[in-house]
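Each chain is listed here by its residues.
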Amino acid sequence: RCAGRVEVQHNGHWGTVCDDDWGLPDATVVCRQLGCGTALAAPLGAWFGEGMGPIWLNGLRCRGTEERLALCRHRGWRPHVCAHEEDASAVCSGGLCMHRPGVHRHGMHRYGVPVLTLTPASLPGGPTMRLVGAAGRCAGRLEIFHDGQWGTVCDDLWGLPDAAVVCRQLGCG
C-alpha cells in the first residue's frame, strides 16, 4: 500500500510536514499528487517514524480538492518550530508510489526530480523494509526500518522462501 511519512522537497532539500492541523483533506491531496488513489487515513505523531532535516510545512489547511500540496493554505515554506515527533503521514488506497524518471506527474518536478514522497512505504504494525544497492526497487540488499533506523538482515538460514515473502510484501511478485 502507498503509505508513509510525508516528505517534501524545497530549495533542493528534503524535509517533513508538521502534523499541526493535519487531517484527511491534507492526506487526500498527497495521495492525489502521488497518483496513489484516495486517502484512507492521515496518521499523526510520526506514525511511520521521525524524519530528518527541516520541517518545511506547518498548519496545512487543504480543502481536499487541490491538485498539489503546495496549493494548500499553510504557514509558509520555511523551517518551522515543530519536532519530528509530529511528522505527518498519509495512508492511500493505491499500490506503492513509484515514478519513472522523466515522467511528469504532479508529484514530480519537470526534470524528473521528486518534490513529494511518502517514506517509508509500509503499514503500521509491521516491519518496514526496502531493497537497496541495485537497479530498480525489486532487487538489492534487504534493510528493515526498526526503532527509528534502518538496518540489514543477517543471511544465516536465509533462503528462497524468505526472499519470496519479501518480494510479495514489497509488491515485486
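Cut-off values and rules
Residues numbered from 1 in each chain as written. Predicted model: local features only at pLDDT ≥ 70, side-chain atom pairs only at ≥ 80, totals over all residues. Heavy atoms only, no water. Helix = DSSP H or I, 4+ residues; strand = E, 2+ residues; numbered from the N terminus. Buried < 20%, exposed > 50% of the residue type's maximum accessible area, 1.4 Å probe, protein only. Contact = heavy atoms within 4.5 Å. Areas by Shrake-Rupley, 256 points an atom, 1.4 Å probe, with all protein chains shown as cover. Salt bridge = Lys/Arg side-chain N within 4 Å of Asp/Glu carboxyl O. Disulfide = S-S within 2.5 Å. Core = buried A, V, L, I, M, F, W, Y, C linked by side-chain atoms within 4.5 Å. Lys, Arg positive; Asp, Glu negative; His and termini not counted. Polar contact = N/O pair within 3.5 Å; in protein donor to acceptor, adjacent residues only side chain to side chain.

J.: Which parts of the structure should I look at to understand the overall build of the protein?
T.: When its secondary structure is counted, the protein shows 2 helices and 9 strands. Order of helices (α) and strands (β) in the protein, N terminus to C terminus: β-β-α-β-β-β-β-β-β-β-α. Scored against the burial criterion, the 173 residues of the protein give a buried share of 38%. Contacts in the protein between residues far apart in sequence, at least 24 positions, make up 68% of those at least 6 positions apart. Per element, the accessible surface of the protein, about 9500 Å² overall, is 54% carbon and sulfur.

J.: Just checking my understanding: could you explain the pattern of salt bridges for this structure?
T.: Two side chains carrying opposite charge are able to pair once their charged atoms lie near each other. Scanning the model with the defined rule gives 5 salt bridges in all. In this structure, aspartate 21 and arginine 75 form a salt bridge, with 3.2 Å as the shortest nitrogen-oxygen distance. Of the two residues, aspartate 21 is situated in the loop between β2 (13-17) and α1 (24-34) and arginine 75 in the loop between β4 (55-57) and β5 (89-92); the sequence distance between them amounts to 54 residues. Here the salt bridges do not stand alone but share partners, grouping Asp21, Arg61 and Arg75 into one network.

J.: It is not clear to me how the state of the cysteines should be interpreted in this structure. Could you clarify?
T.: The bond known as a disulfide is covalent and runs between the sulfur atoms of two cysteines. Scanning the entire structure with this criterion turns up 3 disulfides. Linked covalently through their sulfurs, cysteine 18 and cysteine 82 form a disulfide whose S-S length is 2.0 Å. Residues cysteine 18 and cysteine 82 are joined by a disulfide whose S-S torsion is about 75°; by sign, that bridge is right-handed. Here cysteine 82 lies in the loop between β4 and β5 and cysteine 18 lies in the loop between β2 and α1, a separation of 64 residues in the sequence. By the burial criterion, cysteine 18 is buried, and cysteine 82 matches it.

J.: Quick question: what am I supposed to make of the nonpolar core here?
T.: As a rule of thumb, nonpolar side chains are buried together in soluble globular proteins. In terms of nonpolar packing, the biggest core is built from 22 residues, with Val6, Val17, Trp22, Val30, Leu60 and Leu69 touching the most fellow members. Residue assignment for this core shows that the elements contributing at least two residues are β1 (3-10), α1, β4 and β5. When near neighbours in sequence (up to four residues on either side) are disregarded, valine 17 contacts Val6, Val8, Trp22, Ile55, Leu57, Leu60, Leu69, Glu86, Asp87 and Ala88. By size, the runner-up hydrophobic cluster in this structure holds 5 residues, among which are Met129, Leu131, Leu142 and Val166.

J.: Which parts of the structure should I look at to understand the side chain of aspartate 19?
T.: The topology assignment puts aspartate 19 in the loop between β2 and α1. Buried charged residue aspartate 19 carries no salt bridge. Nearest counter-charge: arginine 75, at 9.3 Å. A polar side-chain atom of aspartate 19 sits 2.7 Å from the main-chain amide nitrogen of glycine 45.

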